[in-house]
Amino acid sequence: MLDSDYRYDFDPVTEDEDTIHEECGVFGIWAPNRDVARLTYFGLRALQHRGQESAGIAVGDGHTVLVRKDLGLCGQIFSDADLSAMPGKVAIGHVRYGTSGARSWEAAQPHLSAINDVIIALAHNGTLVNSDALRRELIELNIPFRSNTDSEVAARLIGYFTEMSAHIRTGIRHTMEMVEGGYAMALVRENALYAFRDPHGIRPLVLGKLGEGEWVVSSETCGLDIIGAKFVREVEPGEIIRVSDDGLVSERGIPEREPARCIFEDVYFSRPDSYVQGQSIYSMRYNMGRQLAREAPVDADLVIGVPDSGMPPAEGFAHELGLPFGEGLIKNRYVARTFIQPTQEMREMGVRMKLNALIDNVAGRRIVMVDDSIVRGTTSKQIVRLLKEAGATEVHVRINCPEVKWPCFYGIDTDVQSQLISAKKNVDEVREYIEADSLAFLSLEGLLKCVPANGYCAACYNGKYPVEIPKSFSAGKFLEGYEPENLSRASRGSQMGILEVAKDEAEEG
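Here goes a summary of the coordinates provided. Owing to the predicted nature of the structure, the values given are computational and were not obtained by experimental measurement. (Residues numbered from 1 in each chain as written. Predicted model: local features only at pLDDT ≥ 70, side-chain atom pairs only at ≥ 80, totals over all residues. Heavy atoms only, no water.)

1. Some details on the overall build of the protein
Per the secondary structure count, the protein includes 20 helices and 26 strands. When contacts within the protein are restricted to residue pairs at least 6 apart in sequence, long-range pairs at least 24 apart make up 71% of them. (Helix = DSSP H or I, 4+ residues; strand = E, 2+ residues; numbered from the N terminus. Contact = heavy atoms within 4.5 Å.)

In structure tokens:
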């Protein structure tokens, strides 16, 4: 059953358009004797930073699956009565900032679907780069679509192959063989939870334990912390996990490929209290600031960070150089997406809707402003102006990651290179545009020193893509003179047609 009491269009305030956005956050729980809908709600609140466009919860009660989803923040969508009306033993949840598909109620997740008489719901974080071709094949097989999202493509594929094999895990495995891109997914039916992850591990997914026989999956460990679950391990790249009355079962869905975790998770997306391979995101960002200070020191009176993700590297930068660290920008934490159509006046207000300079700390001082990235440059320009209007005599900008020069196709909303200022301007030209007294970025080598020592996707910095990008998908996305490097060929399964894979399954069966 789908429930949508209200629909409306959301328009981001302008400063959000100059921020890199991750597609979503995913949460899932198997806990038959607990209030799984409410626990999922808490998990989504912890993951709200990963998506503010829409949210949803799907609950399996042993007989069917109920879904409640809508546009807006978790607190706007779910009332106490909503959660009380969704009893069950298993649930998944999703928060979304869309990179694939329109901003609509239909595009909100979890995506509800049916496999014969079995209802399923799917929550997906990431982007499938070959979804258009798969959608065309499915339509030719007379399979209908209600949205234009790649998540629905995955759900329909799982359904198609499950109908053939009568096993959802087989349907998931064949789907993983065919899709290409970065993804972490959770799927629920009336009596089971499934979780699976792309073979490179581009998009994150962790496994936790709440109590005996109670299991949780989450995009980040902070989703486990909020409900008191203990981190067990990451869901392995290419792994399929199933949790039911029979307990937790793990199997290899597809072979693991060269590790390529999204490095922007560590730079920006993840909450600072989340952990990766035993290391906190906070400590990584603090060390990025220290490394940045070694590479690009500056003589100044005060180091400040742009809230929130710029604060830990700013603290590390100040510590390394022995400079004072303090607050120079105050964040209005109650500004989110708005129902109001943005006027030109609102656009000109820009950053002022979220940030205000602390004149007492800024006036008459040489300021180092540390931030996580520069995307289009307009936000950095407005913050520099804000600080100078507050009386800063100099504003030196330091960025705790390299220049973002290349589009991302794996779940970040920067898939058009012309949007990226560093793809069109050198460092001094960017400095001039944002009106800073100096500008420096952390080197890729320096960044890699500050994160756990395993494989990363850094395509947004160096143009080396771990998953082959089909030309049909990337057409018109690159500037002239930029030639991406595909580090791997598309898998055999993704180059096969749906009917061909289905034929192989029938022969194996």
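2. Section: the sheet that holds strand E8 (residues 181-189)
A sheet is described by the order of its strands in space; here six strands give the open sequence E6-E7-E8-E9-E13-E14, paired in antiparallel fashion. Two strands lie at the open edges of the sheet, namely strand E6 (111-115) and strand E14 (247-252), each paired on one side alone. Mean inter-strand twist for the sheet, computed between neighbouring axes without regard to direction, equals 20°. The strands that helix H5 (residues 150-165) touches are E6, strand E7 (118-128), E8 and strand E9 (192-197); relative to E7, the one it contacts most, it runs at about 135°. (Pairing = 2+ DSSP bridges. Axes fitted to C-alpha atoms, helices over the stretch in contact; angles between N-to-C directions.)

3. Considerations on the pattern of salt bridges
Evaluated as defined, the whole model comprises 29 salt bridges. A salt bridge links Lys89 to Asp245; the nearest nitrogen and oxygen atoms lie 3.4 Å apart. Placement of the pair is Lys89 in the loop between helix H3 (80-84) and strand E5 (90-96) and Asp245 in the loop between strand E13 (239-244) and E14, with a sequence separation of 156 residues. What makes Lys89 buried here is its relative accessible area of 18%. Here Asp245 falls in the exposed class, since its relative accessible area comes to 58%. Its salt-bridge partner being Arg366, residue Asp301 comes within 2.9 Å of it at the nearest N-O pair. Remark: Arg366 occurs in strand E21 (residues 366-371) and Asp301 occurs in the loop between helix H9 (281-295) and strand E18 (302-305); sequence separation between them is 65 residues. (Salt bridge = Lys/Arg side-chain N within 4 Å of Asp/Glu carboxyl O. Buried < 20%, exposed > 50% of the residue type's maximum accessible area, 1.4 Å probe, protein only.)

4. Side note on the nonpolar core
Within the largest apolar cluster, 74 residues are counted, with the highest numbers of intra-cluster contacts made by Phe264, Met369, Leu387, Val397, Tyr410 and Tyr461. At five residues, the largest contribution of residues to this core is made by H9. Contact partners of Tyr410, with chain neighbours within four places excluded, come to Gly126, Thr127, Val129, Gly181, Gly182, Ile202, Arg203, Cys457, Tyr465, Pro466, Val467 and Ile469. Residues Val179, Leu187, Phe196 and Ile254 belong to the second largest nonpolar core, which totals 32 residues. (Core = buried A, V, L, I, M, F, W, Y, C linked by side-chain atoms within 4.5 Å.)

5. Quick word on the packing of H5 against helix H6 (residues 168-178)
If you want to describe how two helices pack, look at the angle between their axes and the distance between the axes. For the pair H5 and H6, the least separation of the axes is 7 Å and the interaxial angle reads 130°. Classified by the angle their axes make, H5 and H6 are oblique. At the point where H5 passes H6, the crossing takes the right-handed sense. Contacts between H5 and H6 involve Ala154, Leu157, Ile158, Phe161, Thr162 and Ser165 from the former and Ile168, Thr170, Gly171, Ile172, His174, Thr175 and Met178 from the latter. (Parallel < 35°, antiparallel > 145°, perpendicular 65-115°, else oblique. Left-handed = near helix turned anticlockwise from the far one by under 90°.)

6. A few points about the side chain of Arg135
Within the secondary structure, Arg135 is located in helix H4 (residues 131-140). No salt bridge is formed by the buried Arg135; its nearest oppositely charged neighbour, Asp132, is found at 4.6 Å. Those residues in contact with Arg135 that lie beyond four places of it in its chain are Phe145, Ser147, Asn148, Thr149, Asp150 and Val153. (Lys, Arg positive; Asp, Glu negative; His and termini not counted.)

7. Here we look at helix H15 (residues 427-434)
The N-terminus of H15 is capped by Asn426, whose side-chain oxygen sits 3.2 Å from the backbone nitrogen of Asp428. One or two positions beyond H15, positive phi appears at Glu435, with a value near 65°. (Polar contact = N/O pair within 3.5 Å; in protein donor to acceptor, adjacent residues only side chain to side chain.)

8. Remarks on the pairing of E8
In summary, the side chains of a regular strand alternate between the two faces of the sheet. Most of E8 sits inside the fold, with nine of its nine residues counted as buried. Judged by which residues are buried, E8 turns out to be covered on both faces: Gly181, Tyr183, Met185, Leu187 and Arg189 on one side and Gly182, Ala184, Ala186 and Val188 on the other are all buried. As defined by bridge partners, E7 adjoins E8 across eight bridges and the pair is classed as antiparallel. Within E8, the residue paired with Ala123 across the bridge is Ala186. Hairpin connection of E8 to E9: two residues between the antiparallel strands.

9. Observations concerning the state of the cysteines
A full pass over the atoms with the stated rule returns zero disulfides. A disulfide-free cysteine, Cys408 has its sulfur positioned 6.2 Å from the sulfur of Cys262, the nearest such atom. Classification of Cys408 by relative accessible area gives buried; the value is 10%. (Disulfide = S-S within 2.5 Å.)

10. Things to note about the packing of aromatic side chains
Enumeration over the complete set of coordinates arrives at 15 aromatic pairs. Between Tyr160 and Phe161, the ring centres sit 5.5 Å apart and the planes meet at 75°, which makes this aromatic pair edge-to-face. For the pair shown, Tyr160 and Phe161 are each scored as buried. Three or more aromatic residues joined by ring pairs form one cluster here, namely Trp406, Phe409, Tyr410, Tyr465, Phe473, Phe478 and Tyr482. Over the aromatic face of Phe473 sits the side chain of Lys477, whose NZ or CZ is 5.3 Å from the ring centroid. (Phe/Tyr/Trp six-rings, centres within 6.5 Å; stacked < 30°, edge-to-face > 60°. Lys NZ or Arg CZ within 6 Å of the ring centre and 35° of its normal.)

11. A look at unusual backbone geometry
The omega angle of the peptide bond from Gln109 to Pro110 is 5°, so this bond is cis rather than trans. By secondary structure assignment, the location of Pro110 is in the loop between E5 and E6. The omega angle of the peptide bond from Pro307 to Asp308 is 0°, so this bond is cis rather than trans. By the secondary structure assignment, Asp308 is in the loop between E18 and helix H10 (311-321).

12. Section: the environment of Val95
Following the sequence through the fold, Val95 ends up in strand E5. Taking the C-alpha atoms as reference points, Val95 and His49, 46 residues apart in sequence, are found 8.7 Å from one another.

13. Some points on the side chain of Lys69
Examined against the element boundaries, Lys69 turns out to sit in strand E4 (residues 65-71). Lys69 sits in the buried class, given a relative accessible area of 3%. Polar contacts involving the side chain of Lys69 include one to the main-chain carbonyl oxygen of Ala108, which spans 2.7 Å.

14. Section: the sheet that holds E18
Here four strands make up an open sheet; going across it, the order is E18-E21-E22-E23 and the pairing parallel. Looking at the sheet topology across the chains shown, the edges are occupied by E18 and strand E23 (438-441). Shown here is a sheet whose adjacent strand axes are inclined to one another by a mean of 20°, direction ignored. When E21 meets strand E22 (residues 394-399), the two strands line up parallel, connected through six bridges. Bridge assignment links Ile367 to a residue of E22, and that residue is Val395. Relative to the sheet, H10 contacts E18, E21 and E22, its axis offset from that of E18 by approximately 160°. Sitting on the sheet, H15 touches E22 and E23, and the angle it makes with E23 is about 130°.

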